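Working through the structure, step by step
Residue strings, one per chain:
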Amino acid sequence: MLGASLAVASPQNLNMFNPVSPAATPIRDLFFLVFGVIGLIFLITEGALILSIFKFRSTGKETKEPPQMYGSNPIELAWTVVPVLIVFVLFLVTTRSIYSLDMQEPPEGALRVKATGHQWWWEFEYEDLGITTAGELHVPKGVPVFVELRSADVIHSFWVPRLAGKIDCIPNRENHMWFQADEIGTWYGQCAEFCGTQHAKMLIRVISEDKKDFDSWATNQLLPAVEVPTPMNGKDTFLSLACVNCHTVQGVTHQGGFGPDLTHLMSRDTIASGAAENTPENLTKWLLNPNSIKDGCLMPNMMLTEKQVASLVEFLTTLK
Amino acid sequence: MTTAPYNPLSSKLHDWVTTVDHKKLGVMYIVSGLFYLIVAGCEALMMRWQLAIPDNSVLSPDTFNAFFTMHGTTMIFLVGMPILLGAANYFIPLMIGARDMAFPRLNAFGFWLFFFGALLLYFSFLGGQGLSGEPGAPDVGWFAYAPLTSTTFSPGSATDYWIISLFVAGMGSIMTAVNLVTTILTMRCEGMTLMKMPIFAWMMLVDALLILIALPTLTAIQIMLLLDRQFGAHFFDAQAGADPMIWQHLFWFFGHPEVYILILPGFAFVSEVTPVFSRKVLFGYSLMVAATVSIGFIALGVWAHHMFATGLSPAVLSYFAGATFIIGVPTGMKIFNWIATMWGGHIRFETPMLFATGFISMFVIGGLTGIMLAIVPMDWQLSDTYFVVGHFHFVLFGGLLFAIFSGFFYWFPKVTGKLLNETMGKWQFWLLFVGFLLTFGPMHMSGFEGMPRRIYTYMPGRGLELWNMLASIGALVQVFGFSLFVINVIWSLRNGKLAGDDPWDAWTLEWSTTSPPPPWNYAELPSIRSRRPLWDEKHPEDPDWLYE
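Residues numbered from 1 in each chain as written. Chains lettered and ligands numbered in written order. Predicted model: local features only at pLDDT ≥ 70, side-chain atom pairs only at ≥ 80, totals over all residues. Heavy atoms only, no water.

1. Some thoughts on the overall build of chain A
Within chain A, the regular secondary structure consists of eight helices and twelve strands. A compact globule built from 320 residues would reach a C-alpha radius of gyration of about 20 Å, whereas chain A, at 27 Å, exceeds it by more than 25%. Here the C-alpha coordinates of chain A stretch approximately 95 × 50 × 40 Å along the principal axes. For chain A, with 320 residues in total, the buried portion stands at 54%. A separation threshold of at least 6 residues defines the contact pool for chain A, and within that pool the share at least 24 residues apart is 61%. About 14,200 Å² of surface is accessible on chain A, with carbon and sulfur atoms providing 61% of the total. Charge centroids of chain A, computed over 23 positive and 33 negative side chains, lie 7 Å from each other. (Helix = DSSP H or I, 4+ residues; strand = E, 2+ residues; numbered from the N terminus. Rg over C-alpha atoms; globule rule 2.2 N^0.38 Å. Buried < 20%, exposed > 50% of the residue type's maximum accessible area, 1.4 Å probe, protein only. Contact = heavy atoms within 4.5 Å. Areas by Shrake-Rupley, 256 points an atom, 1.4 Å probe, with all protein chains shown as cover. Lys, Arg positive; Asp, Glu negative; His and termini not counted. Charge placed at Lys NZ, Arg CZ, Asp CG, Glu CD.)

2. Remarks on the overall build of chain B
Counting its regular elements, chain B contains 15 helices and zero strands. The C-alpha atoms of chain B give a radius of gyration of 23 Å, which matches the 24 Å a tight globule of 548 residues would have. C-alpha atoms of chain B, sized along the principal axes, occupy 70 × 70 × 40 Å. Counting all 548 residues of chain B, 67% fall into the buried class. Within the structure as shown, chain B displays about 17,900 Å² of accessible surface, and the carbon and sulfur contribution to it stands at 71%.

3. Points about the interface of chain A and chain B
Listed per partner, the contact involves 90 residues of chain A and 99 residues of chain B. Across the chain A to chain B interface the summed buried area is about 8,000 Å²; carbon plus sulfur atoms make up 69%. On the chain A side of the contact with chain B, Tyr70(A), Trp79(A) and Phe194(A) bury the most area, a combined 10% of that side's loss. Here chain A is connected to chain B by two salt bridges. On inspection of chain A and its partner chain B, the count reaches 25 residue pairs in polar contact (both at pLDDT 80 or more). Counting residues per element, the ones that place at least two in the side of chain A that touches chain B are helix H1 (2-5), helix H2 (25-55), helix H3 (73-101), strand S7 (167-169) and strand S9 (185-190) of chain A. If you tally residues by element for the side of chain A that touches chain B, the top one is H2(A), at 16 residues. Of the residues that constitute the side of chain A that touches chain B, the class distribution is 49 nonpolar, 26 polar and 15 charged. (Buried area = accessible area lost by both parts, 1.4 Å probe. Salt bridge = Lys/Arg side-chain N within 4 Å of Asp/Glu carboxyl O. Polar contact = N/O pair within 3.5 Å; in protein donor to acceptor, adjacent residues only side chain to side chain. Nonpolar A, V, L, I, M, F, W, Y, C, P; charged D, E, K, R; others polar.)

4. Section: the sheet that holds strand S10 (residues 203-209) of chain A
All names here are of chain A. Strand order across the open sheet formed by three strands is S4-S10-S9, with mixed pairing between neighbours. Of all the strands in the sheet, just strand S4 (136-140) and S9 have a single pairing partner and so form its edges. For this sheet, the mean angle separating the axes of adjacent strands, direction not counted, is 20°. Pairing of S4 with S10 involves five bridges; the strand directions are parallel. Following the sheet pairing, His138 is matched in S10 by Ile207. (Pairing = 2+ DSSP bridges. Axes fitted to C-alpha atoms, helices over the stretch in contact; angles between N-to-C directions.)

5. Focus: the packing of aromatic side chains
All names here are of chain B. Under the counting rule described, the total for this entry stands at 85 aromatic pairs over all chains. Summarising the aromatic geometry, the rings of Tyr90 and Phe91 are spaced 4.8 Å apart at their centres and angled 50° between planes, so their arrangement reads as tilted. In this pair, the class of Tyr90 matches that of Phe91, namely buried. Geometrically, the ring pair formed by Phe236 and Trp247 is edge-to-face, given 5.2 Å between the ring centres and 90° between the ring planes. Residue Phe236 is found in the loop between helix H6 (199-231) and helix H7 (245-278), and its partner Trp247 is found in helix H7; the two are separated by eleven residues along the sequence. (Phe/Tyr/Trp six-rings, centres within 6.5 Å; stacked < 30°, edge-to-face > 60°.)

6. Here we look at the environment of Asp160(B)
Assignment of secondary structure puts Asp160(B) in helix H5 (residues 158-186). For the pair Asp160(B) and Arg229(B), spaced 69 residues apart in the sequence, the C-alpha separation amounts to 8.0 Å.

7. Comments concerning the sheet that holds strand S2 (residues 121-126) of chain A
Residue and element names in this part refer to chain A. Read from one edge to the other, the open sheet built from five strands follows the order S3-S2-S1-S5-S8, with strand pairing classed as mixed. Each edge of the open sheet is held by one strand with a lone partner, namely strand S3 (131-134) and strand S8 (175-179). Strand-to-strand, the axes of this sheet are offset by a mean angle of 25°, without reference to chain direction. Of the strand pairs in this sheet, strand S5 (residues 145-151) and S8 are connected by five bridges, and their pairing is antiparallel. Within S8, the residue paired with Val147 across the bridge is Met177.

8. Things to note about the pairing of S4(A)
For S4(A), the tally of buried residues reaches five of five residues, placing the bulk of the element in the interior. Here S4(A) shows two buried faces, one formed by Glu136(A), His138(A) and Pro140(A) and the other by Leu137(A) and Val139(A).

9. Comments concerning empty space enclosed by the protein
Over the atoms rolls a probe the size of a water molecule, and in doing so it shows where empty space is left. Residues and elements named next belong to chain B. Inspection of every chain in the model, using the stated rule, returns five cavities of 30 Å³ or more. Here the largest cavity defines a volume of roughly 200 Å³. What lines the largest cavity is a set of 15 residues, among which Glu272, Pro275, Leu282, Arg531 and Arg532 lie closest to the centre. For the lining of the largest cavity, the leading source of residues is H7, giving four residues. Here the lining of the largest cavity is built from residues that sort into nine nonpolar, two polar and four charged. (1 Å grid on protein atoms, 1.4 Å probe; cavity = no way out; pocket = protein on both sides within 12 Å on 5 of 7 lines; lining within 4 Å. Points joined across faces, edges and corners; volume = space filled by probe spheres on them.)

10. Brief notes about the packing of helix H12 (residues 386-416) of chain B against helix H14 (residues 465-495) of chain B
Residue and element names in this part refer to chain B. Interhelical geometry of H12 versus H14 gives an angle of 10° and a closest axis separation of 12 Å. Between H12 and H14, the crossing angle belongs to the class labelled roughly parallel. Taken together, the residues of H14 that come into contact with H12 (itself represented by Phe397, Leu401, Phe405, Phe408, Phe409, Phe412 and Thr416) are Gln478, Phe482, Phe485, Asn488, Val489, Ser492 and Leu493. Residues that form the contact of H12 with H14 fall into these classes: ten nonpolar, four polar and no charged. (Parallel < 35°, antiparallel > 145°, perpendicular 65-115°, else oblique.)

Rendered as structure tokens:
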């Protein structure tokens with residue numbers, strides 16, 4: 001109840017009482033039912049406790065011990081049977097909601113996405129569309145999204161509270177979950193299973209948009225990197241350094257798969273899995289020393305000169 | 001012939017090191033436990049400092065990760081376990097009218113294994129290297145999920161320290177559990193049938209049996225993990241095709257019973273304190289025994305409720321949700337029985353009873369939030385958030401730790417012969433109670449706001465600032481409570497009122513001997529007719545055995 005009153009909050013929040021998805025709303029409703037049940041148990045139990053504290057407090061003047069009560073079969077039976085009935089009802093409610101939220105196969109017309117957890121960023125592949133991106137997941141509004149969850153290294157957990165509950169990404173296993181964003185907006189989330197040094201900055205953004213906007217985003221993502229000649233030959237700098245060992249830029253280099261795909265880097269709002277806004281200043285800071293933004297991250301400090309960094313940033317900012 | 005000069009200090013130390021006396025071992029367990037309570041408390045305090053404001057940089061990510069790993073590991077293995085084993089060690093022989101534990105030397109061996117295991121764990125701060133290979137303590141989390149613990153992702157030696165030290169300490173706990181079971185089953189005094197044992201002994205018996213079943217699982221998987229890390233085995237090595245879920249199943253097969261291993265002694269303390277301070281016999285003894293035994297059984301079949309978000313099938317999810325609900329029933333019975341014990345009594349609110357009442361009221365909340373977590377779809381939202389951190393601190397701090405303080409204030413006069421100062425005790429209770437609520441209440445809220453646990457920092461503007469600031473202020477309030485406790489213990493050891501044999505007008509056998517009890521406890525072994533032998537003695541006109 002207190003949680004619900006907090007639900008009217010900024011669009012930034014990750015409050016689970018403010019769902020925008022049919023995968024999260026039933027959970028919110030379940031919360032209210034359960035708050036009712038346990039609230040009642042809470043009031044009865046604590047009420048009895050507080051009553052006995054005040055009613056049976058020793059005055060210090062008693063001369064005799066109080067009557068000794070060794071037990072009472074009817075009373076003890078009552079507080080065995082009643083809780084059994086309560087938990088039986090809760091069990092039925094739980095089972096029903098598990099099965100009703102379960103979705104083993106993607107429904108007709110669903111968007112399929114493969115989400116892969118890496119230390120410490122998210123890779124999103126739309127295999128049907130041929131798109132690979134990182135950190136930010138674009139989805140059309142009102143369409144069910146069926147997410148296959150995998151991990152490239154350790155266990156991660158995909159969680160966007162306003163869209164659905166969390167499910168883990170476990171190496172050598174394929175899990176899945178689903179959601180459907182019924183409003184246009186940006187929904188925040190982050191990795192929910194401790195996955196090492198930078199677990200805290202493994203953030204997720206799900207961006208839901210109109211079908212039209214989503215399609216134009218997807219069309220742009222399918223294009224290879226734009227050829228824009230830059231005065232400092234940023235592309236040559238990029239190709240001449242170790243960047244290519246980990247990063248792919250479609251149309252330029254295909255070797256790297258360890259780090260995020262950079263083909264349309266500038267179509268993202270953030271870098272380093274949400275750790276910083278995607279601005280030329282932050283890109284510069286990141287390239288000079290990734291640890292200054294995300295201490296312990298796996299992108300090495302390549303000891304680049306300021307000139308090399310400037311040239312790289314010039315190239316990266318063309319990747320729209 | 002000349003004799004070596006008499007050196008009181010070294011001979012005293014020699015006495016403690018070589019002792020096989022259950023009382024001295026009990027005291028050493030409890031003192032070590034309290035020492036590590038302060039250490040792990042300081043680690044928690046550093047974490048609250050870091051999390052007080054968003055984007056704080058008091059601790060580096062790796063240090064923060066090491067602190068929460070060490071805080072959890074320490075609180076469970078170096079605080080909870082030794083205090084409960086120490087209390088059982090000290091009071092089981094006294095309560096069942098025996099002169100010592102069944103295997104005194106095994107008892108001492110168990111303690112020293114724990115002692116050196118603990119030192120080894122803390123040596124990792126100096127000798128270990130953490131996840132990134134930088135110097136530091138273990139930083140893989142207290143449940144050490146595979147494959148984060150593999151050498152690929154945790155290249156340093158800190159994880160090996162975690163494995164070996166807990167392996168050593170765990171062997172000690174298993175030995176002590178064997179000892180407790182044997183002692184309780186074979187060394188009870190004349191007249192003490194199983195159903196005439198103090199409820200404390202029943203709870204410790206079930207507790208020791210749970211240790212015997214659950215802890216070897218941890219020991220086994222730790223050996224497997226060590227083989228993985230040092231000898232290239234592939235039990236949990238995901239890169240060689242292993243399924244990391246095996247670790248989770250086996251770990252929680254230990255880990256969930258462990259929660260009950262920790263809380264059952266808490267129940268035991270409160271079940272002794274509440275009747276004495278309410279001046280009434282424990283309500284529904286047989287039901288309490290039944291509830292304890294059924295908790296012991298059900299605790300072994302609920303482990304996967306820690307794994308609801310790992311993609312288990314709906315049928316498995318439903319089973320584990322159901323089993324988890326069921327365990328709420330015997331737990332509920334106990335709470336109602338404690339309240340019924342207070343009902344109609346003349347309740348004296350001295351410090352032990354304050355803490356016992358605090359325990360009951362806070363444990364109810366921890367239990368109810370536990371029901372929320374058992375409802376699988378709600379767990380998909382709440383699991384691995386600060387809501388869970390709030391929940392289990394209501395169980396283990398508001399629950400277990402309050403029960404420990406209750407027992408500590410209750411039995412301190414028996415162990416030392418001196419009473420703890422009541423004024424300081426009451427201040428300590430209220431400071432801890434307020435500090436506790438302020439720290440762990442808001443964590444439920446930050447969980448609702450989507451804050452995952454184990455993050456070293458969070459972003460501003462996500463609705464988390466207020467709750468985290470409140471929690472950090474609460475932690476500061478607790479510092480005063482804990483400091484007062486330390487001062488009280490030191491002050492009372494020197495200046496405390498003499499306790500006499502039976503300061504609380506209590507009913508179990510330990511109060512019939514001197515404070516502190518003599519070596520071998522009883523000049524003549526007692527013989528009893530009821531669960532409250534001292535009540536029978538004090539009320540010959542209306543003894544318990546007429547009604548039991």
